[in-house]
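Inside the fold
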Amino acid sequence: MVDTAYQILFTAALCVLGVLALLGLIRAILGPLTTDRIVAVNMMSTIVIVMIGILALMLHEGYLADVGLIYAMISFLSVVVLCKVFMGVHNENKEKQAQEEGEKHA
């Protein structure tokens, strides 16, 4: 009885998280700003980590927790790299605009 209730709860949670992941994917594709896209990718990775944790509980497979931890580390590094690249591009664009404005005034 309790096992059935947990299975229903886990399945419902996975369905809700799946819908949220799809909405995050839409934001990552359509997001008007690069920062929106980075936040959406970070949100999707967090949702996937939670889904892996739920599956570990649901299937009674301990190795899935290890997979979730490794995925969390890779996700963290990817977001850091994306932010670093975005900041580099943003700073280059700022410098170009400053040079163009300096040439206009000269």
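Here's a quick rundown of the structure. Fair warning: this is a prediction, and the values are worked out from it, not measured in the lab. (Residues numbered from 1 in each chain as written. Predicted model: local features only at pLDDT ≥ 70, side-chain atom pairs only at ≥ 80, totals over all residues. Heavy atoms only, no water.)

Points about the environment of glycine 24
- One can find glycine 24 in helix 1 (residues 2–30).
- With a relative accessible area of 0%, glycine 24 lands in the buried category.
- With 15 residues separating them along the chain, glycine 24 and valine 39 place their C-alpha atoms 8.9 Å apart.
- Among residues more than four places away in sequence, those in contact with glycine 24 are Ala40, Met43 and Met44. (Helix = DSSP H or I, 4+ residues; strand = E, 2+ residues; numbered from the N terminus. Buried < 20%, exposed > 50% of the residue type's maximum accessible area, 1.4 Å probe, protein only. Contact = heavy atoms within 4.5 Å.)

Brief notes about the packing of aromatic side chains
- Throughout the structure, instances matching the rule amount to one aromatic pair.
- Judged by centre distance (5.9 Å) and plane angle (20°), the ring pair of tyrosine 6 and phenylalanine 10 falls under stacked. Of this pair, tyrosine 6 and phenylalanine 10 both sit in helix 1, separated by four residues, roughly a single helical turn.
- Overall, the relative accessible area of 15% leaves phenylalanine 10 in the buried class. (Phe/Tyr/Trp six-rings, centres within 6.5 Å; stacked < 30°, edge-to-face > 60°.)

Things to note about the nonpolar core
- Counting seven residues, the largest nonpolar core is built from Phe10, Leu14, Leu17, Ala21, Ile47, Ile54 and Met58.
- Taken together, the elements giving at least two residues each to this core come down to helix 1 and helix 2 (34–59).
- Element by element, the count of residues in this core is highest for helix 1, at four residues. (Core = buried A, V, L, I, M, F, W, Y, C linked by side-chain atoms within 4.5 Å.)

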